[in-house]
Amino acid sequence: MDILKLLVNILLFPGGLFAILLALFLLGIDRKLYARLQRRVGPPIHQPLLDLIKLTQKETLIPRTANMTAFRLAPLLGFAGMLAAFALIPITGIYSGLYQSGDLLVLLYLLSTPALALMIGASASGSPYSSVGASREMTMVLAYEVPLLIVFLTVGMRVGLAGGKFAVLSMSGIVNYQLQNGSLLLDLRMLPAFLAFLCCIPGTLGVVPFDIPEAETELAEGPLLEYSGSGLAMFKMTGGLKMLVLSALAVALFFPTGIGSFWLVNLLWFIVKCLIICVFSITLVRATRARMRLDQAYKFFLIYPTSLTLISLVLILLTFRMPS
Amino acid sequence: MSEFIQNIVKKSPWIYRINAGSCNGCDVEMATTALIPRYDVERLGCKYCGSPKHADIVLISGPITAVVKDKMLRVYNEIPNPKVVVAVGICPISGGVFRESYSIDNQLDAYIPVDVNVPGCPPRPQAIIDGIAKAIEIWKSKF
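Residues numbered from 1 in each chain as written. Chains lettered and ligands numbered in written order. Predicted model: local features only at pLDDT ≥ 70, side-chain atom pairs only at ≥ 80, totals over all residues.

**Some details on the overall build of chain B**
Here comes step 1: When its secondary structure is counted, chain B shows 5 helices and 5 strands.
Here comes step 2: Secondary structure elements of chain B, listed N to C terminal, follow the sequence α-β-α-β-β-α-β-α-β-α.
Here comes step 3: Relative to its length of 143 residues, chain B is compact, with a C-alpha radius of gyration of 15 Å against a globular reference of 15 Å.
Here comes step 4: Structurally, chain B occupies a C-alpha span of about 50 × 30 × 20 Å along its principal axes.
Here comes step 5: Burial statistics for chain B: of 143 residues in total, 43% are counted as buried.
Here comes step 6: Taking all contacts inside chain B whose residues are at least 6 apart in sequence as the whole, residues at least 24 apart take part in 82%. (Helix = DSSP H or I, 4+ residues; strand = E, 2+ residues; numbered from the N terminus. Rg over C-alpha atoms; globule rule 2.2 N^0.38 Å. Buried ≥ 20, exposed ≤ 12 C-beta atoms within 10 Å, placed from the backbone. Contact = placed C-beta atoms within 7 Å.)

Here is the structure:
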């Protein structure tokens, strides 16, 4: 019975089918809004779905120099990781997450699976452009994981210290605390950490100011260069899912409060919150910024988001009083 | 079923550019068709892609000089089927101002099948968009 519930959670709701549809919707809104910001008409909102169907109908080419097994399995790895990651995130009023403790760290590991899949696929393809892309991807991972980890730690300690423990790293623990004591976003001490998380989202996704690994104009799509057909579709889908997972994570960590107790209202409210995060941290940034160089991006992550979260962490430790 | 797929597929053609010795005039016009707000091909679902392996419609400009011919054919062969070729500008069609030059062996359709010709030196963005729209119709029927 537990296994059955787990499978439903990962393959139907909230991971799997629901996550894929929602991710496609977010991607479509993102593309449409991006075009509107440039005063273009833009593609229809269901364009990402059309692209996926088109890609599955195309021929799949595998380069002669590629390592067949790794090249074919890499897209699946990232995709599966993201489906499992979305199943770990609670949605207020509808779904309470998979496990009771320690899942924020599991999430951090799962969040790096798409980057890992990209690196494996790129190295297996045997193309020089792909290997340059893979090494850049690796550098980016090293840069953005530092602030991301400190944000998680900050949120965990904020919730933990308030409850008399050192840190609470379970998703459901963090969400339940906020449902009882109000969102962490309303706490001014947490504002820098929230901003730092928003900075990390485009870097983790590899969209425009930080699309250094995939740089179309210099590396010809980098790690994705040799992928065509269904493999490419899988990678595109993984990118969309990652966008959804990160925005859902921002919602769960900083403002998970729901409206009323009716599930449909809560679901729509959750989607609206995800959309707000996507628009502000991805679309607006993507439409107004140009690509950074690798060293600039590396410095950016190690200076701005990291110091922002550290400010939050220090403020929390300074204002901490032992519960009497 | 196949008609259903065709109707979905025709809304998502991805474009790739090959410069086969062009003077860059046609390339500027091609960039213009997609990259500036005035002529938006993304409303047709088009997207410029950086890798030939992601492409559906390939726009070739330039008179196919002897040096670039083999490289052009190699890139062309990397594009997964079904694919459609659009010759942009007068150069790939007949050689244009470079006709009978020592560095040009033959025109584009002597090497690969060309589906749409967009003549001009350079062609107007509207003509390129029209060529892409015609190419989409041909491409769709190949599924």
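Read on, since the account is not over.
**Considering the overall build of chain A**
Here comes step 1: Tallying secondary structure elements over chain A gives 13 helices and 0 strands in all.
Here comes step 2: Counting helices and strands in the order they occur from the N terminus, chain A gives α-α-α-α-α-α-α-α-α-α-α-α-α.
Here comes step 3: Once the C-alpha set of chain A is aligned to its principal axes, its extents read approximately 70 × 45 × 45 Å.
Here comes step 4: Taking all 324 residues of chain A together, 53% fall into the buried category.
Here comes step 5: Put simply, of all contacts in chain A between residues at least 6 apart along the chain, 79% involve residues at least 24 apart.

**Some details on the confidence of the model for chain B**
Here comes step 1: On average, residues of chain B score 85 in pLDDT, and 96% of them are at 70 or above.
Here comes step 2: For this predicted complex, the interface confidence score (ipTM) comes to 0.82, while the overall pTM stands at 0.87. (pLDDT = per-residue confidence, 0-100.)

**Topic: the interface of chain B and chain A**
Here comes step 1: Listed as interface residues are 17 residues of chain B and, on the opposing side, 27 residues of chain A.
Here comes step 2: Residues belonging to the side of chain B that touches chain A are distributed by class as follows: 6 nonpolar, 6 polar and 5 charged. (Nonpolar A, V, L, I, M, F, W, Y, C, P; charged D, E, K, R; others polar.)

**Concerning the pairing of strand 3 (residues 57-61) of chain B**
All names here are of chain B.
Here comes step 1: With 5 of 5 residues buried, strand 3 is to be regarded as a mostly interior element.
Here comes step 2: Across 5 bridges, strand 3 lies against strand 4 (residues 84-88) in parallel orientation. Each bridged residue has a counterpart across the sheet, and for Leu59 the counterpart in strand 4 is Val86. (Pairing = 2+ DSSP bridges.)

**Examining the packing of helix 2 (residues 17-37) of chain A against helix 12 (residues 263-288) of chain A**
Residue and element names in this part refer to chain A.
Here comes step 1: Packing of helix 2 against helix 12 leaves a shortest axis separation of 10 Å and a crossing angle of 40 degrees. Here helix 2 lies oblique to helix 12, going by the angle between them. In terms of crossing hand, the pair formed by helix 2 and helix 12 is right-handed. Contacts between helix 2 and helix 12 involve Leu22, Leu26, Ile29, Asp30, Leu33, Tyr34 and Leu37 on the former and, on the latter, Ile271, Cys274, Leu275, Cys278, Val279, Ile282, Thr283, Arg286 and Ala287.
Here comes step 2: Of the residues assigned to the contact of helix 2 with helix 12, the class counts are 13 nonpolar, 1 polar and 2 charged. (Axes fitted to C-alpha atoms, helices over the stretch in contact; angles between N-to-C directions. Parallel < 35°, antiparallel > 145°, perpendicular 65-115°, else oblique. Left-handed = near helix turned anticlockwise from the far one by under 90°.)

**A short note on the environment of Leu111(A)**
Residues and elements named next belong to chain A.
Here comes step 1: With respect to the secondary-structure elements, Leu111 resides in helix 5 (residues 103-111).
Here comes step 2: Classification of Leu111 by C-beta neighbours within 10 Å gives buried; the count is 22.
Here comes step 3: Considered as a pair, Leu111 and Phe86 are 25 residues apart in the sequence and their alpha carbons are 9.8 Å apart.
Here comes step 4: Contact partners of Leu111, with chain neighbours within four places excluded, come to Ala85 and Thr204.

**Focus: the nonpolar core**
One broad trend across soluble globular proteins is that nonpolar side chains are buried collectively.
Here comes step 1: With 99 residues, the main nonpolar core has Ala23(A), Phe86(A), Leu244(A) and Val245(A) as its most contacted residues.
Here comes step 2: When residues of this core are assigned to their parent elements, the largest contribution, 17 residues, is made by helix 11 (residues 230-254) of chain A.
Here comes step 3: Those residues within four positions of Val245(A) in sequence are excluded, and the remaining contacts are Met82(A), Ala85(A), Phe86(A) and Ile89(A).
Here comes step 4: Val86(B), Ala87(B), Val88(B) and Trp139(B) belong to the second largest nonpolar core, which has 31 residues in total. (Core = buried A, V, L, I, M, F, W, Y, C linked by C-beta atoms within 7 Å.)

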